[in-house]
Amino acid sequence: MKLKILTFASIVILLFGCSESEVDYIITEADKKEIEALKKNIPLILANEGWEAYEKLFSKNYQNWHMLGNQVRHREEYLSAVKAWYDAGNRANDSEVQSVAFIPIAKNKIMYLHKQIEKFDLVDTEDKVSRDIRFIGIFVKEDGKWKVDFTAFMDAPQND
């Protein structure tokens, strides 16, 4: 599974890197902190501020690759699945992020590799649920704010 993530990251870097000029793009420490905080808070914003605040965090061209399902979902398809989950009463109650790398790929476009642990209160079980997830994300600055433009993720392998 690690190989899938590394292969995907390499392909994305090549595709985005080759489409731009030979300019080296930089990311400031402030941008890194803003992206990291945004990613950490996304599930909590949905839980605490509601759907409208959550939906605004995704770019107009957002896409998601569900790696195990082997499909790419466009913004409306992905967000409608999250909305159904949310409307059923499910909520995140905690989120932790551990950054792996920030990779500038174009002006105002950053690839962000990270680990995220999310904890949930789910309506269909009394159990507290926790997911340990590995993410590849691309963040784009729209209207002066960082937004999620693309994600690919999968749960961390279980060590039995």
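These remarks concern the structure in this document. (Residues numbered from 1 in each chain as written. Predicted model: local features only at pLDDT ≥ 70, side-chain atom pairs only at ≥ 80, totals over all residues. Heavy atoms only, no water.)

## Focus on helix α4 (residues 75–87)
Move 1: For α4, with 13 residues, the first-to-last C-alpha span of 18 Å sits near the 18 Å given by 1.5 Å per residue.
Move 2: For α4, the complete set of buried residues consists of Arg75, Tyr78, Leu79, Val82 and Tyr86. The arc that holds the buried residues of α4, viewed along the axis, is 90°, so those residues lie on one side. Exposed residues on α4 whose side chains face more than 90 degrees from its buried face are Glu76 and Asp87.
Move 3: Tucked into the core, α4 has its buried residues touching α2 (29–49), α3 (51–55), β1 (58–66), β2 (71–74), β3 (91–106) and β6 (145–155).
Move 4: One or two positions beyond α4, positive phi appears at Gly89, with a value near 105°. (Helix = DSSP H or I, 4+ residues; strand = E, 2+ residues; numbered from the N terminus. Expected span 1.5 Å × (residues − 1). Buried < 20%, exposed > 50% of the residue type's maximum accessible area, 1.4 Å probe, protein only. Arc of directions from axis to C-beta. Contact = heavy atoms within 4.5 Å.)

## Section: the side chain of Asn90
Move 1: Secondary-structure assignment places Asn90 in the loop between α4 and β3.
Move 2: Of note is the side chain of Asn90, whose polar atom sits 2.9 Å from the backbone oxygen of Trp85.
Move 3: If near-sequence neighbours (up to four positions away) are discounted, Asn90 is found in contact with Trp85, Asp121, Leu122 and Val123. (Polar contact = N/O pair within 3.5 Å; in protein donor to acceptor, adjacent residues only side chain to side chain.)

## What to know about the side chain of Thr151
Move 1: Among the secondary structure elements, Thr151 is positioned in strand β6.
Move 2: Accessibility expressed as a relative area gives 4% for Thr151, which makes it buried.
Move 3: Among the polar contacts listed, one links the side chain of Thr151 to the side chain of Asn64, at a separation of 3.0 Å.
Move 4: Apart from residues lying up to four places away in sequence, Thr151 is in contact with Tyr62, Gln63, Asn64, Trp65, Phe135, Ile136 and Gly137.

## Observations regarding the packing of aromatic side chains
Move 1: One pass over the full model with this rule turns up 10 aromatic pairs.
Move 2: Taking 6.4 Å as the distance between ring centres and 50° as the angle between the ring planes, the aromatic pair formed by Phe58 and Tyr78 counts as tilted. In this pair, Phe58 sits in strand β1 while Tyr78 sits in helix α4, placing the two residues 20 residues apart along the sequence.
Move 3: The exposure class assigned to Tyr78 is buried, which follows from its relative accessible area of 13%.
Move 4: Pairing Phe102 with Tyr112 gives two aromatic rings, centres 4.5 Å apart and planes at 20°, and the pair type is stacked. Here Phe102 is found in strand β3, whereas its partner Tyr112 is found in strand β4 (residues 109–121), with 10 residues between them in sequence.
Move 5: Under the relative-accessibility criterion, Tyr112 is labelled buried at 0%. (Phe/Tyr/Trp six-rings, centres within 6.5 Å; stacked < 30°, edge-to-face > 60°.)

## Examining the nonpolar core
Move 1: By size, the foremost hydrophobic cluster in this structure holds 24 residues, and its most contacted members are Ile35, Ile42, Trp51, Tyr54, Phe58, Tyr78 and Phe139.
Move 2: Elements supplying a minimum of two residues to this core: α2, α3, β1, α4, β4, β5 (128–142) and β6.
Move 3: For this core, the leading source of residues is α2, giving 5 residues.
Move 4: Filtering out sequence-adjacent residues up to four positions away, Tyr78 remains in contact with Tyr54, Phe58, Tyr62, Asn64, Arg73 and Phe153.
Move 5: Of all hydrophobic cores here, the second largest spans 10 residues; its members include Ile105, Met111, Leu113 and Ile138. (Core = buried A, V, L, I, M, F, W, Y, C linked by side-chain atoms within 4.5 Å.)

## A word on the environment of Gly137
Move 1: Along the chain, the position of Gly137 falls in strand β5.
Move 2: Classification of Gly137 by relative accessible area gives buried; the value is 1%.
Move 3: When sequence neighbours within four positions are dropped, the list of residues in contact with Gly137 reads Ile110, Met111, Tyr112, Phe150 and Thr151.

## Re the pairing of β4
Move 1: One ladder, built from 13 bridges, connects β3 with β4; its direction is antiparallel. Within β4, the residue paired with Ala92 across the bridge is Phe120.
Move 2: Remark: 2 residues form the turn of the hairpin made by β3 and β4, two consecutive strands paired antiparallel; Asn108 in that turn has positive phi of roughly 60°. (Pairing = 2+ DSSP bridges.)

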